[in-house]
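Fold and contact review
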Amino acid sequence: EDQVTQSPEALRLQEGESSSLNCSYTVSGLRGLFWYRQDPGKGPEFLFTLYSAGEEKEKERLKATLTKKESFLHITAPKPEDSATYLCAFSGGSNYKLTFGKGTLLTVNP
Amino acid sequence: DAGVIQSPRHEVTEMGQEVTLRCKPISGHDYLFWYRQTMMRGLELLIYFNNNVPIDDSGMPEDRFSAKMPNASFSTLKIQPSEPRDSAVYFCASRPTSGGSSTDTQYFGPGTRLTVL
């Protein structure tokens, strides 16, 4: 069965303390692995799409990487404004549905 | 460009009442998705449309839920009758025409927070 698991469920960092979020997935025929950011009371905001193992993408303090079983979202020197829930999702096979993980709630303290 | 538009942003209703949620996708996007988000289950896909036609409604929880897309710029999700367990945030998302996996990216609206008393 296709599924995605995110860890940890919650992460608290001090400003400047780098860390990584994990997304483990099982899918037949990965089409894409997606990262979204969600702020309280808002809809998920698209960050990255990764298509194949070994691919990396960066945006400001965030870098997403992909292997055949996992994706990581690395946060370098985070700031309080990086606090949010980060969601991982995949599309696979011949359909266009996204299957989401439950997210990691990141809190960055000043 | 305007993003996905949803209305209302908040809805409070009583058990047994009919609820209608509305969505306007991004212009030019021909896929539209309805999701429900709860603390327990996260984001769940309810139904999606392609060119106004429902493609997969396997996530619709019960017959009380129905969705329509009468034209390319408007969709509704209706719950009749509503129950307290339907309380959740409902999101609409859209994406452009299939042209490879690069277009699988979905863009979400701000959501409708539904409370059924």
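For the structure itself, look to the data block above.
Remember, it's a predicted structure, so these values are computed and weren't measured experimentally.

The rules we used
Residues numbered from 1 in each chain as written. Chains lettered and ligands numbered in written order. Predicted model: local features only at pLDDT ≥ 70, side-chain atom pairs only at ≥ 80, totals over all residues. Heavy atoms only, no water. Helix = DSSP H or I, 4+ residues; strand = E, 2+ residues; numbered from the N terminus. Buried < 20%, exposed > 50% of the residue type's maximum accessible area, 1.4 Å probe, protein only. Contact = heavy atoms within 4.5 Å. Pairing = 2+ DSSP bridges. Axes fitted to C-alpha atoms, helices over the stretch in contact; angles between N-to-C directions. Salt bridge = Lys/Arg side-chain N within 4 Å of Asp/Glu carboxyl O.

1. Observations regarding the overall build of chain B
Scanning chain B for helices and strands turns up zero helices and 11 strands. Walking chain B from its N terminus toward its C terminus, one meets helices and strands in the order β-β-β-β-β-β-β-β-β-β-β. With the C-alpha coordinates aligned to their principal axes, the bounding extent of chain B is approximately 45 × 30 × 30 Å. A burial count over chain B gives 49% of its 117 residues as buried. Within chain B, residue pairs in contact and separated by at least 24 positions form 55% of the contacts whose partners lie at least 6 positions apart.

2. Focus: the sheet that holds strand β8 (residues 74-79) of chain B
For sheets, the rule is that strands pair by backbone hydrogen bonds, running either parallel or antiparallel. Residues and elements named next belong to chain B. Strand order in the open sheet formed by four strands is β1-β3-β8-β7, with antiparallel pairing between adjacent strands. Only two strands of the sheet have a single neighbouring strand rather than two, namely β1 (5-7) and β7 (65-71). Within this sheet the neighbouring strands show an average axis-to-axis angle of 15°, counted without direction. Relative to β8, strand β3 (residues 19-24) runs antiparallel, the two being bridged by five bridges. Counterpart to T20 in the pairing with β8 is K78.

3. Some details on the pattern of salt bridges
All names here are of chain B. Counted according to the given criterion, the structure contains 13 salt bridges over all chains. The residue E44 makes a salt bridge to R41 at a minimum N-O spacing of 2.6 Å. We classify E44 as buried; its relative accessible area is 17%. Classification of R41 as exposed rests on a relative accessible area of 54%. Among the salt bridges present, the one from E83 reaches R64, with a minimum N-O distance of 3.6 Å. Of the two residues, E83 is situated in the loop between β8 and β9 (88-95) and R64 in the loop between β6 (53-56) and β7; the sequence distance between them amounts to 19 residues. Taking the relative accessible area as the measure of exposure, R64 reaches 9% and is therefore buried. Among the ionic contacts, a cluster of salt bridges with common partners joins E62, R64, E83, R85 and D86.

4. Structural notes on the environment of A:L33
Residues and elements named next belong to chain A. Structurally, the position occupied by L33 is in strand β4 (residues 30-38). As for L33 and K59, which are separated by 26 residues in sequence, their C-alpha atoms are 16 Å apart. When residues no more than four places from it in sequence are discounted, the contact partners of L33 are C23, Y25, F48, T49, L50, L66, S71, C88, A89 and F90.

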